[in-house]
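# Chain and residue survey
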Amino acid sequence: MNRKNALAAGVAAALALGSVTMLATQSTAAPRPTAADGSSVAQPGAGFKAMTADARGEAIRTAGRNAAATARELGLGPDERLVAKDVLIDADGARHVRYDRTYRGLPVIGGDLVVHLAEDGTITGSDLAHQGAIRIAGTTPKLTAADASAKAVKHAKHVKKAKTGSKDSSTLVVYAVGKIPVLAYRSTVTGEGETGPTSRQAVIVDATSGAALDQYELHQSVTGTGNGVTVGQVSIETTQTSSGYTLTDAAHGGTIIYDSYNSSQSNPKQNARAFSKTTNSWGNGTSSSRESAAVDASYGLAKTWDYYKDSFNRSGIRNNGSGAPAYVHVDTGLLNAFYDDDCFCMFFGDGSSQNSNTPVTALDVAGHEMSHGVTSATANLTYSGESGGLNEATSDIFGTMVEFYANNTGDPGDYYIGEKLNMSGGYMRRMDNPAADGNSLSCWTSSAGSVDVHYSSGIGNHFFYLAAEGTGTKTIGGRSHTGTTCNNDTFSGIGKDKAAAVWYRALSTYMTSTTNYAGARTATLQAAADLYGANSQERYLVSKAWAAVSVGTALPDPGTGTPTPSPTTPTPSPTTPPSGNALANGSFEQGTSGWTQSDNIITNSSLQAARDGSWYAWMMGYGADAVESLSQSNVAVPSTGTPKLTFWLKVSTQESGSTAYDTLKVNVNGTTLATYSNADASSGYVQKTVDLSAYKGQTVKLEFAGTEDTYLSTIFLVDQIAIG
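A quick note: this is a predicted structure, and the numbers were derived from the prediction, not measured. (Residues numbered from 1 in each chain as written. Predicted model: local features only at pLDDT ≥ 70, side-chain atom pairs only at ≥ 80, totals over all residues. Heavy atoms only, no water.)

### Points about the overall build of the chain
Of the regular secondary structure elements, the chain holds 10 helices and 36 strands. Counting contacts in the chain only where the partners sit at least 6 residues apart, residues at least 24 apart contribute 67% of the total. Summed over its atoms, the accessible surface of the chain is roughly 27400 Å², and 48% of this surface lies on carbon and sulfur atoms. (Helix = DSSP H or I, 4+ residues; strand = E, 2+ residues; numbered from the N terminus. Contact = heavy atoms within 4.5 Å. Areas by Shrake-Rupley, 256 points an atom, 1.4 Å probe, with all protein chains shown as cover.)

What follows is the structure, given as structure tokens:
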């Protein structure tokens, strides 16, 4: 999960629970209680204590006072500062402090991190979106803000007729999502997109070259196709005034529902007025009354608040007891709903002719949108690539859980998203079978990061369904569900409440802005270990569910101690020893499958290029003291002919001359067979061959080991590894 664990032995400043002692460990799970029969004991609230707003505020202030000491212990640079964002405290007193990062006063995109502490203040681990100190050449950009805005308009691909207006701006930032941080601008453009004629998009451009580094929608919507449903006759919280009543929910943070009066998306508050009337009866169950959509929104947001409070001891989106305002009847013909973190508010359209003008105020929509706010307040998953898919999946997961929690007879819980939308297909997305809509992904592939986030969310949705319900056909909420897998495996689920607790703990405690699906697997396995034990059936079945959507492999069954069979395991050929397997995933197109990496080495980052396909191994490139390892064990070397290891290597360096300062070694069973260095720099990939005759017929461990010194960086890119 971490790029590196930079924790060094030492003592930091005192936290509220005592002095801080640093341990060189990574996010290790503490032993959890077990029942008398040996089964795991559920941890209420996903393991977190309930905190008052005052207690949470004091915990955050304490973390802020100790931010400088924490930064030093993490090995961050003198120009970096940590800004405390949130603190969660476990039932056993352990705490998890989430920080954002700045560099010379500039925001660092991808600089967020979580520090984990035991009850006595001992730091037991950390999770960093970008591991190690930020190092860039300087903070003086070559491009002006106006130049960056112009580049952003040209690069924008999520909106048509892109432009920048008076409210749009380009802000200088450090972009640390890739392996090497760069000075960049974060620009905002407006144009025609999925959320309507005034859709907004963020574009990150290199402050020197103007090249596009990333881009994503700012309105995190359910989809452009829209959704909406009437929840029926329900009880809602209102506030009495001297002249009547308002749709102000004092029981849920003072949430206020406004009528936008069809104000445009670019300024949805322009004509807005809070709903008020002399009687306390609202709506008529149809769209002929403007109050009906407001009832849906008020009810849905209240149920979402209650779900998070009852399930995870979370008090509102930002866990501070404050409700976010909501606006209904936004724009005209808007088939959308979205959460905007800039204004801490939610917006709901009225639908269009495509869905019989049904207001987009469904119960699972309210849960979905409010959950975008929770994600923003916790892991803050970047809304692009695989992390964007996880962002959308998180909202689908908790929107679905809110639907189950509400137990509304008019909208019973199921794993269909937007099933009350009056859409021709009958639903928007399915968690049990995402690919059924013709666009969503049910299984992870190496191209998942380039798919629209609403479709790549299918991987996370599919995982959650299988973790909760297992495989096989079921009828849930009156609808048919088919728990198919990508590897033909069959298994039972752990139940939706346990699966949701695992996901919430992973999101709030271990995930960061750059977490991808492989990282989500690691985070949920750690969360399951925290809640139910490292050797629990729950953790084992979570791993089975990930393997079933082609993310990693299943853990050994703790009941038998034997690995779960995987249909993707190569069958040994007659010429390979029975004890070993052929080298797996040598092209990395299956992500991290088959490989053990010390850090996030295997990547599909667009900052470098693969030799073939999209994935490759990126080793070193820090310009600082560092070591990395990429290995695969139990590899069978052919027993006939002249066996050889072949791979493609590209070396880029800031070093000069023929002295080897930074190296990449090829080790077999701990013995170095070949060494490459900065002196082997090349403009492209070069094929390398290593003789394995000395290991003919043996089962070996193959390792690529990188070492970098203090000054200047060298990048080693490895791809298309084979033994034959």
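Additional details are given in the paragraphs that follow.
### A word on the side chain of Ser 260
With respect to the secondary-structure elements, Ser 260 resides in the loop between strand E17 (255-259) and strand E18 (273-274). Owing to a relative accessible area of 0%, Ser 260 belongs among the buried residues under this scheme. A polar contact of 2.6 Å, which involves the side chain of Ser 260, links it to the backbone oxygen of Pro 268. (Buried < 20%, exposed > 50% of the residue type's maximum accessible area, 1.4 Å probe, protein only. Polar contact = N/O pair within 3.5 Å; in protein donor to acceptor, adjacent residues only side chain to side chain.)

### A short note on the environment of Arg 135
Topologically, Arg 135 is positioned in the loop between strand E7 (123-128) and helix H3 (145-155). Along the chain, Arg 135 and Pro 181 lie 46 residues apart, while their C-alpha atoms are 6.8 Å from each other. If we skip the residues at most four places from it in the chain, Arg 135 touches Pro 181, Tyr 622, Gly 623 and Ala 624.

### Side note on the nonpolar core
Phe 398, Phe 464, Phe 647, Phe 704 and Ile 721 are the most contacted members of the largest nonpolar core, which has 97 residues in total. Per-element tally for this core: the top contributor is helix H8 (residues 496-510), with nine residues. By size, the runner-up hydrophobic cluster in this structure holds 23 residues, among which are Trp 282, Val 328, Val 365 and Met 370. (Core = buried A, V, L, I, M, F, W, Y, C linked by side-chain atoms within 4.5 Å.)

### Quick word on the environment of Val 690
Relative to the helices and strands, Val 690 is located in strand E34 (residues 686-691). Using a relative accessible area of 4% as the deciding quantity, one classes Val 690 as buried. Residues Val 690 and Thr 646, spaced 44 residues apart in sequence, show a C-alpha to C-alpha distance of 6.4 Å.

### Regarding helix H6 (residues 385-406)
Relative to the 32 Å expected for 22 residues at 1.5 Å per residue, H6 spans 32 Å between its end C-alpha atoms, a close match to the ideal helical length. Two residues or fewer after H6 comes Asn 407, characterised by a positive phi angle close to 55°. (Expected span 1.5 Å × (residues − 1).)

### Focus on the sheet that holds strand E35 (residues 699-708)
As summarised here, the arrangement of the five strands in space is E27-E30-E35-E32-E33, forming an open sheet in which the pairing is antiparallel. At either margin of the open sheet sits one strand with a lone partner, and together these are strand E27 (596-597) and strand E33 (671-677). Pairing of strand E32 (residues 663-668) with E35, which is carried by six bridges, proceeds in the antiparallel orientation. Bridge pairing in E35 links Val 668 to Leu 702. (Pairing = 2+ DSSP bridges.)

### Re the packing of H6 against H8
Packing of H6 against H8 brings their axes to within 11 Å, and their N-to-C directions diverge by 140°. If you check the angle between H6 and H8, you find them oblique. Of the two elements, H6 crosses H8, and the hand of that crossing is left-handed. For the pair formed by H6 and H8, the contact residues are Leu 390, Thr 394, Ile 397, Phe 398, Met 401 and Phe 404 on the first element and Lys 496, Asp 497, Ala 500, Trp 503, Tyr 504 and Leu 507 on the second. Residue composition of the contact of H6 with H8, by class: nine nonpolar, one polar and two charged. (Axes fitted to C-alpha atoms, helices over the stretch in contact; angles between N-to-C directions. Parallel < 35°, antiparallel > 145°, perpendicular 65-115°, else oblique. Left-handed = near helix turned anticlockwise from the far one by under 90°. Nonpolar A, V, L, I, M, F, W, Y, C, P; charged D, E, K, R; others polar.)

### Section: the packing of aromatic side chains
Think of a pair of aromatic rings as described by two things: how far the centres are apart, and how the planes are tilted against each other in angle. Applying the stated criterion across every chain yields a total of 25 aromatic pairs. Residues Trp 444 and Trp 615 carry aromatic rings whose centres are separated by 5.4 Å and whose planes lie at 70° to one another, so their mutual orientation is edge-to-face. One end of the pair, Trp 444, is in the loop between strand E24 (429-430) and helix H7 (453-469); the other, Trp 615, is in the loop between strand E28 (602-603) and strand E29 (616-620), and 171 residues separate them in sequence. With relative accessibility at 10%, the residue Trp 444 sits in the buried group. Considering the side-chain rings of Phe 647 and Tyr 676, the 5.9 Å spacing of their centres and the 85° angle between planes classify their relative orientation as edge-to-face. Of this pair, Phe 647 sits in strand E31 (residues 644-653) while Tyr 676 sits in strand E33, and the two are 29 residues apart along the sequence. Comparing Phe 647 with Tyr 676, the two get one shared label, buried. (Phe/Tyr/Trp six-rings, centres within 6.5 Å; stacked < 30°, edge-to-face > 60°.)

### Digging into the sheet that holds strand E19 (residues 276-277)
Sheet architecture is open: three strands sit in the order E14-E15-E19, paired in antiparallel fashion. Since the sheet does not close on itself, it has two edges, and those belong to strand E14 (239-241) and E19, each with one partner. When E14 meets strand E15 (residues 244-246), the two strands line up antiparallel, connected through three bridges. By the bridge assignment, Thr 241 is partnered in E15 with Gly 244.

### A few points about the state of the cysteines
Evaluated as defined, the whole model comprises two disulfides. Across the disulfide from Cys 443 sits Cys 486; the S-S distance is 1.9 Å. Judged by the sign of its S-S torsion, about -95°, the cystine formed by Cys 443 and Cys 486 is left-handed. Remark: Cys 486 occurs in the loop between strand E26 (479-483) and H8 and Cys 443 occurs in the loop between E24 and H7; sequence separation between them is 43 residues. If the cysteines joined by disulfides in the chain are listed in sequence order, their pairing comes out as 1-2, 3-4. (Disulfide = S-S within 2.5 Å.)

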